[in-house]
Amino acid sequence: MSLFSFRRLATGTIIGCMAMTLCTGCPGGGGEPGAPGAGGSGASVAVPERAPVATEPTLTFNFGSTEAKVYELTGLDLSGKDKEKGCKARTGRIAAMQNAVYFYKDDKPIHMMKATINGETISDLTDVGEGKAIYALACNGKAVLFRNQENQMQVYDGTKLATGGEWTSENMIGVPNGGEFYWLHSHTLKAATLEGTALTNERDVFDMDTIENLKDGSWAPETVIGDTIYLSSRIKKEIDGKKKDVATLIAVDKQGKELLRFEGYGDMPRDWAITDNYVIASASKGQFRVFDRASGKVLGEAEIAMRPFALCTLKGNDVLVFDDRAHKIFRIDF
């Protein structure tokens, strides 16, 4: 059933609204971490006013007292059924840069693709080049990096593709607005600057083996905002008598000191998005749990007609979501 069909049934199934602080040494109450429990109905944070959108949303849902709007990006067929109007998308990550979205096409070998975003439409599908792994994609807003069949780093500036040195890591991420690239090598978090087609000025940020809260998990970088680094992992926890791998995101400073902890889902967790004001956890059944990025408070969560697989922040509090079942890309204005 399409999302348009679901919209006639409901505008989003609200699971609950909460406002409990998730911070170092302060996990949530009983049940799954962060699950509905301790009050906070109607919670919200002050965010900049968004310009009006003329397009009617595909569906809407609430988290706390805030309404989120979901828009399907139309114009290309990403299911592979109409190859003249698109391709079959199969990607572990998506990225946004210069009014375009980047993702992998299901092919042998896979190919990095670019589609122009114009409001709620995508068009001008461009084949950037051959790739090797659906998670090998990093972007800092000025360059898209991915891995080719020869394990070389491909550097695309939105117009030209160039080949660099050996690909570094599948967990590489780029800092927005042309910042450094971060990746995990063994247990050391590293960073470097992209100059041309080379990662230069490589440095060790910190060794996770020396930091108590990090040495027992398999942490990977998600993004860096100012002096705060966001790392994600799956942490084993007992929930209702069963051990589950709970998606967990922590905010740390540049020395690795934990500042805040956000606990996502234990059942089929998917990707994270970190926006100007929110941290957003997702799960395979269309669940979204929304936190206040500044305080760690859970603002609310919802379950909608979507299977989120990969997320990325487009701008502000707008997030792109790749639905790997519908083979569609949506924008959620949180």
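Residues numbered from 1 in each chain as written. Predicted model: local features only at pLDDT ≥ 70, side-chain atom pairs only at ≥ 80, totals over all residues. Heavy atoms only, no water.

Now for the overall build of the chain. Check the secondary structure of the chain and you find one helix and 26 strands. Pairs at least 24 residues apart make up 45% of the contacts formed inside the chain by residues separated by at least 6 positions. Summing over all exposed atoms, the chain offers an accessible surface of approximately 15,000 Å²; the carbon and sulfur share of this is 45%. (Helix = DSSP H or I, 4+ residues; strand = E, 2+ residues; numbered from the N terminus. Contact = heavy atoms within 4.5 Å. Areas by Shrake-Rupley, 256 points an atom, 1.4 Å probe, with all protein chains shown as cover.)

With that settled, the discussion passes to the pattern of salt bridges. Tallied over the entire structure, the rule returns 19 salt bridges. When the shortest N-O distance is used, the salt bridge between Glu-180 and Arg-203 registers 2.7 Å. Taken together, the residues span a long stretch of sequence, with Glu-180 in the loop between β12 (173–174) and β13 (181–185) and Arg-203 in strand β15 (residues 198–207) at a distance of 23 residues. Ionic contacts of the salt-bridge type, sharing partners, join the residues Arg-50, Glu-120, Asp-318, Arg-331 and Asp-333 into one network. (Salt bridge = Lys/Arg side-chain N within 4 Å of Asp/Glu carboxyl O.)

Going through the model one piece at a time under the given rule, you end up with zero disulfides. Looking at the unpaired Cys-139, the closest cysteine sulfur is the one in Cys-312, lying at 8.3 Å. Residue classification places Cys-139 among the buried positions, given a relative accessible area of 15%. (Disulfide = S-S within 2.5 Å. Buried < 20%, exposed > 50% of the residue type's maximum accessible area, 1.4 Å probe, protein only.)

Let us now look at the pairing of strand β3 (residues 66–72). Along β3, five of the seven residues are buried, which leaves the element largely enclosed by surrounding structure. In the sheet, strand β2 (residues 59–63) pairs with β3 via five bridges, with the strands oriented antiparallel. If you follow Thr-60 over to β3, its bridge partner there is Lys-69. Counting the residues that bridge the hairpin from β2 to β3 gives two residues, and of these Gly-64 lies at a positive phi of roughly 60°. (Pairing = 2+ DSSP bridges.)

This part covers the side chain of Glu-301. Along the chain, Glu-301 turns up in strand β23 (residues 298–303). Relative accessible area serves as the criterion here: at 2%, Glu-301 is assigned to the buried category. A distance of 2.9 Å separates the side chain of Glu-301 from the side chain of Tyr-265, its partner in a polar contact. Of note is the side chain of Glu-301, whose polar atom sits 3.2 Å from the side chain of Arg-289. (Polar contact = N/O pair within 3.5 Å; in protein donor to acceptor, adjacent residues only side chain to side chain.)

Further remarks concern the nonpolar core. With 27 residues, the main nonpolar core has Tyr-102, Tyr-104, Met-112, Val-144, Leu-145, Met-172 and Leu-194 as its most contacted residues. Of all the secondary-structure elements, those providing two or more residues to this core are β4 (95–97), β5 (100–105), β8 (137–139), β9 (144–147), β10 (152–156), β13 and β14 (188–195). Within the second largest apolar cluster, 22 residues are counted, among which are Val-45, Phe-61, Phe-63 and Phe-334. (Core = buried A, V, L, I, M, F, W, Y, C linked by side-chain atoms within 4.5 Å.)

Counted under the stated rule, the structure contains seven aromatic pairs. Ring plane angle 75° and centroid distance 6.1 Å describe the contact between Phe-61 and Phe-334, whose orientation is recorded as edge-to-face. One end of the pair, Phe-61, is in strand β2; the other, Phe-334, is in the segment after β26 (328–333), and 273 residues separate them in sequence. A centroid spacing of 5.3 Å and a plane angle of 90° characterise the contact between Phe-63 and Tyr-278, whose relative ring orientation is edge-to-face. One end of the pair, Phe-63, is in strand β2; the other, Tyr-278, is in strand β21 (residues 278–283), and 215 residues separate them in sequence. You can call Phe-63 buried: its relative accessible area is 1%. The exposure class assigned to Tyr-278 is buried, which follows from its relative accessible area of 0%. Through successive ring pairs, a cluster of aromatic residues spans Phe-61, Phe-63, Tyr-278, Phe-288 and Phe-334. Cation over ring: Arg-289 sits above Tyr-265, and NZ or CZ is 4.3 Å from the ring centre. (Phe/Tyr/Trp six-rings, centres within 6.5 Å; stacked < 30°, edge-to-face > 60°. Lys NZ or Arg CZ within 6 Å of the ring centre and 35° of its normal.)

Hydrogen bonding along the main chain pairs the strands of a sheet, whether they run parallel or antiparallel. What the five strands build is an open sheet, ordered β2-β3-β26-β25-β24; its pairing is antiparallel. What marks the edges here is a single partner per strand, and that holds for β2 and β24 (308–315). Taking each pair of neighbouring strands and ignoring which way they run, the sheet shows an average axis angle of 25°. Direction of pairing for β24 relative to strand β25 (residues 318–323): antiparallel, over a ladder of six bridges. Residue pairing for β25: Ala-310 is matched across the bridge by Phe-322. (Axes fitted to C-alpha atoms, helices over the stretch in contact; angles between N-to-C directions.)

This brings us to the pairing of β26. Most of β26 is tucked away: five of the six residues are buried. Two strands pair when backbone bridges link them, and β3 and β26 are joined in this way by four bridges, in the antiparallel orientation. By the bridge assignment, Glu-72 is partnered in β26 with Phe-330. With six bridges joining them, β25 and β26 adopt antiparallel strand pairing. Looking at the pairing, Asp-318 lines up with Asp-333 of β26.

Taken together, four strands build an open sheet; the order of strands is β16-β17-β18-β19 and the sheet is antiparallel. Strands at the two margins of the open sheet, each flanked by one partner only, are β16 (220–225) and β19 (258–263). Neighbour to neighbour, the strand axes of the sheet diverge by 35° on average, direction disregarded. Note that strand β17 (residues 228–239) and strand β18 (residues 242–252) share eleven bridges and pair antiparallel. Residue pairing across strands places Ile-239 opposite Lys-242, the latter belonging to β18.

Treat this as a map of the structure, not an account of what it does.
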